[in-house]
Amino acid sequence: MNPADSTLPERYDPQALEAKWQAIWDAEEAFRAEPISRDGVAPTVPDRPKAYVLEMLPYPSGEIHMGHVKNYTMGDVVAHFRRRQGWLVFHPMGYDAFGLPAENAAIKTGRPPAEVTRQNIARIREQLRTLGFSIDWQTEIATCDEEFYRWTQWLFLRMFEKGLAERREAAVNWCPVDQTVLANEQVIDGACERCGTEVEIRQLSQWFLRITDYAQRLLDDMDTLVDWPERVLTMQRNWIGRSEGARVTFTTDDGAHDIPVFTTRPDTLFGATFFLLAPEHPLVPQLVAGRPEAAAVTEYVRQAARADIADRSAAERTKTGVFTGRHVVNPVNGEHIPVWVADYVLMDYGTGAIMAVPAHDERDFAFARTFDLPIRRVVAAEGVSPDEPMETAEPGDGTMVNSQILDGMGVDAAKTAIAAWLSEHKLGEATIGYRLRDWLISRQRYWGAPIPIIHCDGCGPVAVPDDQLPVRLPEVDDYAPKGMSPIAAAEDFVATICPTCGKPARRETDTMDTFVDSSWYFLRYTAPHLGTAAFEREVVDYWLPVDQYIGGIEHAILHLLYARFFVKVLHDLGYVGFIEPFARLFTQGMIYRDGAKMSKSKGNVVPPDEIIARFGADTLRLYILFMGPAADDAEWSDHGIEGQRRFLDRVWRLVVGQEGDALVDRPSLDALRDEPAALALVRKAEATTAKVTDDIGERFSFHTAISAIQELVNDATKARAEGALQGPAGAQALRFATQAVVSALFVFAPHIASELWDRLGGERLWVAPWPEVDQVFLARESVTIAVQVNGKLRDTLEIPAGLDDGAVAARAKESPKVQAAIDGKQIRREIVIADRLVNLVVG
RNA sequence: GGGGGCGUGGCGGAACGGUAGACGCGACGGUCUCAAACACCGUUGAGGGCAACCUCGUGUGGGUUCGACUCCCACCGCCCCCACCA
């Protein structure tokens with residue numbers, strides 16, 4: 001290298017240098033990973049440890065925000081770190097490109113969603129490149145591309161074949177503004193997740209994926225197969241909502257209808273004093289037909305359908321209901337109890353009918369009080385008599401009373417006993433209920449993957465043959481929904497012939513929920529442009545499961561649950577060899593400013609582009625991780641980012657004057673024998689590398705790793721300024737420490753580190769092996785120990801490391817400060833923790 | 001109502017039962033400058049002392065321990081998820 005090149009400018013200029021290194025990475029395809037599946041190429045799977053590092057793919061809304069920066073920076077740190085540790089790293093990127101925002105923009109502006117989306121993707125790609133992420137760009141996919149959604153459709157058809165995708169009539173959530181059906185999960189407090197409009201209930205024929213078939217496995221596999229935050233596991237468990245109970249069949253008093261109920265308290269069966277049906281229960285019209293109560297019941301049902309869900313589901317709300325005039329028979333005691341319709345009974349949980357036990361259920365109690373229905377105690381707590389009146393429901397434990405064969409038993413024993421009795425008499429059985437519902441994927445919207453089904457009058461719903469995929473999204477003029485998908489207006493698209501019988505038929509016009517796309521995109525990265533299959537088993541089995549998945553907590557339930565479901569289905573169908581998609585998960589906190597989420601309407605957005613222009617991408621990456629623990633929410637500070645820029649300036653100045661043609665080796669312990677300052681600096685460098693390695697690899701604690709590097713920079717700068725590193729050993733120690741700084745800094749701030757590494761005489765830092773720590777330098781010759789008297793710090797002592805306990809205690813007792821604290825009192829106990837502290841217990 | 005989490009300087013945070021406050025921000029003092037900004041150097045938990053040092057300090061109250069920010073119990077205060085789920 002010629003000397004002119006090796007002299008650093010005094011000032012750090014991030015813009016020029018970041019562009020330079022990004023161009024080099026591009027030109028060298030530095031972050032490309034094999035194998036990926038390609039047409040006509042037989043895959044070869046390496047025998048090498050791999051790390052699939054994945055961040056949740058962005059929705060291309062136009063701009064990336066600080067949350068993305070944090071997410072992708074974390075992933076990039078892990079990817080760089082593992083790469084340099086010698087793992088084969090797969091770090092792909094794509095775009096979750098179907099969905100409502102692009103479509104709503106289309107409705108407003110008339111521009112096709114495909115065009116808007118393409119433009120947004122180009123913009124986001126540019127921003128990701130400006131941030132210098134080590135992405136394998138050959139994998140880049142967009143879920144709205146034909147070559148992607150073709151296989152989304154193909155996957156749907158595999159589920160359809162297995163009966164896991166089915167069309168059925170159901171009461172569904174309908175958003176009157178977005179004019180589409182929503183999954184239960186997309187309804188928040190009775191309002192549309194996207195637009196906030198109150199949701200209505202409609203009876204419609206819709207496509208469902210039978211995720212409930214997998215409820216138990218989704219629950220079980222969490223215990224053994226994933227290393228996820230406890231919080232997320234808990235949220236998933238609660239969402240699946242397993243509860244053990246019994247199914248019990250009640251029969252109408254005319255014997256015409258059996259109505260099963262689900263209960264978690266079969267022990268209280270003798271306390272059932274009335275019976276409730278959900279307003280949507282299919283038997284309601286039949287039960288009241290021709291009866292005087294019919295009009296009132298019909299009116300109640302109508303109102304329940306109209307009442308928005310937020311109202312209906314408010315637990316505090318006064319109970320409402322209407323008597324049907326009918327009775328059912330309690331199978332355990334033959335009692336005839338009245339049947340009411342009440343909207344607090346939900347059609348889509350359990351069976352849509354319940355036995356009401358007011359004595360031991362708060363909701364039933366409230367209902368009984370409102371309508372003056374009888375309350376019968378069947379569980380008595382300690383010291384309570386069987387006929388003691390009740391002021392409130394008592395859902396707790398106790399002894400069975402007023403329950404014939406169960407009397408005297410405890411609640412748990414009674415549950416077992418009654419379940420046995422029910423199944424013996426064929427009146428019911430122990431069963432398990434789940435809160436999880438089937439996944440409604442039909443959307444009456446344009447910008448999504450068309451559901452590849454043809455409706456034939458003769459044959460019913462028929463699969464589009466695989467060789468006719470993709471079912472292309474037709475161009476339309478008007479994207480506004482009118483209660484049906486805008487696609488329905490494309491007559492050329494809709495009119496077709498039945499693949500089975502050849503008669504005229506009509507295509508399904510609903511598109512799929514975009515969560516379907518994101519339930520398998522991570523598999524497609526392994527075969528991003530493969531034309532012959534969605535992916536190849538050999539390759540997908542090599543890379544998957546994802547070793548480290550990173551994303552927002554807001555996806556803790558839906559996306560992760562759906563993706564897990566998809567992978568299990570694909571496993572069962574023999575397409576993949578693993579059953580969980582994401583082995584390790586990290587959920588990041590959000591970035592706030594002025595105490596609120598950044599949003600345009602609040603005017604508190606800090607655009608990443610502006611920060612990059614002012615400080616450089618490296619500074620932004622560093623700061624976003626330095627803000628605090630990565631899992632926590634963090635508050636953006638304009639001053640805070642300046643501090644990180646100052647830090648990079650300090651690193652720059654540390655390297656100035658140390659440029660050279662070759663890296664130096666670690667000085668030997670011997671060479672440093674008479675150079676205490678140099679030795680201390682080398683020790684610090686080694687300790688720093690050890691800490692950074694642990695913080696990134698084991699703890700996901702990036703902010704402490706950065707702090708550690710800052711300490712090393714401070715020490716090195718100070719030692720140099722004090723002139724403590726004069727001789728050759730001193731210079732080598734400083735150089736070694738500086739190399740350690742640059743090497744560790746690289747995973748956070750790759751551009752400046754690559755530049756400085758080059759100036760120090762190294763090459764290609766992104767593939768340079770992660771440094772090994774020489775333990776010799778971590779073992780200290782002397783240590784500072786704390787001396788406590790009765791647990792209070794009284795002195796610190798510098799003593800040789802490894803001194804035996806007795807000698808350490810003796811030294812401690814020699815200290816005048818310690819003697820003063822002992823004050824002549826008797827030492828009762830001496831605690832010595834090697835190389836750490838001594839605690840003298842006196843009294 | 002059910003579940004999960006968190007309370008440490010002026011602020012973000014560190015300390016994985018062993019010297020509380022690393023690192024950074026801010027503030028204060030200094031150097032540079034005609035001056036300011038930037039930059040750099042220093043000080044910075046509270047109280048006391050000329051000082052060496054001393055006392056008090058991790059939401060509150062108990063407990064376990066030689067020793068507790070850390071583990072356990074109760075309370076107070078915040079945050080998140082689910083919620084008429086039978």
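Please read all numbers here as calculations on a predicted model, not as lab measurements.

About the criteria used
- Residues numbered from 1 in each chain as written.
- Chains lettered and ligands numbered in written order.
- Predicted model: local features only at pLDDT ≥ 70, side-chain atom pairs only at ≥ 80, totals over all residues.
- Heavy atoms only, no water.
- Near = heavy atom within 4 Å.
- Polar contact = N/O pair within 3.5 Å; in protein donor to acceptor, adjacent residues only side chain to side chain.
- Helix = DSSP H or I, 4+ residues; strand = E, 2+ residues; numbered from the N terminus.
- Nonpolar A, V, L, I, M, F, W, Y, C, P; charged D, E, K, R; others polar.
- Expected span 1.5 Å × (residues − 1).
- Buried < 20%, exposed > 50% of the residue type's maximum accessible area, 1.4 Å probe, protein only.
- Arc of directions from axis to C-beta.
- Contact = heavy atoms within 4.5 Å.
- Pairing = 2+ DSSP bridges.
- Axes fitted to C-alpha atoms, helices over the stretch in contact; angles between N-to-C directions.

Chemist: How should the protein's contact with RNA strand B be read in this particular structure?
Modeler: In the vicinity of RNA strand B, 58 residues are found, and the nearest of them are T264, K319, R363, R699 and Q710. Protein-proximal atoms of RNA strand B, defined as those within 4 Å of the protein, fall in sugar or phosphate at a share of 67%. Within the side chain of H639, one N or O atom sits 3.2 Å away from a phosphate oxygen of RNA strand B. Per element, the largest residue contribution to the surface near RNA strand B is seven residues, and it comes from helix α22 (residues 702-721). In the surface near RNA strand B, the residues fall into 19 nonpolar, 18 polar and 21 charged.

Chemist: I tried to follow helix α12 (residues 411-424) on my own but got confused; where do I start?
Modeler: Side chains three or four residues apart in an α-helix point the same way, a direct result of the helix having 3.6 residues per turn. The terminal C-alpha atoms of α12, which comprises 14 residues, lie 20 Å apart, in line with the 20 Å expected from a rise of 1.5 Å per residue. Burial in α12 covers these residues: V411, A414, I418, A419 and L422. Viewed end-on, α12 has its buried residues packed into an arc of 130°, placing them on one side of the element. Every exposed residue of α12 that faces more than 90 degrees away from the buried side is listed here: D412, T416 and E424. Where the residues of α12 are buried, they touch β10 (243-252), β16 (379-380), β17 (399-400) and β18 (428-433). Count one or two residues on from α12 and you reach K426, which has phi positive near 55°.

Chemist: Sorry, what's going on with the sheet that holds strand β23 (residues 495-497) here?
Modeler: Each strand in a sheet pairs with its neighbour through backbone hydrogen bonds, running either in the same direction (parallel) or in the opposite one (antiparallel). Judged by pairing direction, the sheet is antiparallel, and its four strands sit side by side in the order β22-β21-β24-β23 without closing on themselves. Unpaired on one side and paired on the other, β22 (460-463) and β23 mark the two borders of the sheet. When strand polarity is set aside, the average angle formed by the axes of neighbouring strands in this sheet is 45°. Relative to strand β24 (residues 504-507), β23 runs antiparallel, the two sharing three bridges. Considered in β24, the bridge of I497 is made with P504. Contacting β21 (453-456) and β22, helix α5 (residues 146-161) crosses the sheet at an angle of about 130° to β22.

Chemist: Help me understand the sheet that holds strand β27 (residues 585-588), please; the structure alone is not making it clear to me.
Modeler: The strand order across the open sheet formed by four strands is β2-β1-β26-β27, and the pairing between neighbours is parallel. Looking at the sheet topology across the chains shown, the edges are occupied by β2 (88-90) and β27. Geometrically, the sheet is characterised by an average inter-axis angle of 20° between neighbouring strands, direction not taken into account. Contacting β1 (50-55), β2, β26 (548-552) and β27, helix α2 (residues 66-84) crosses the sheet at an angle of about 175° to β1.

From the geometry alone we can't say anything about function, so treat these as descriptive.
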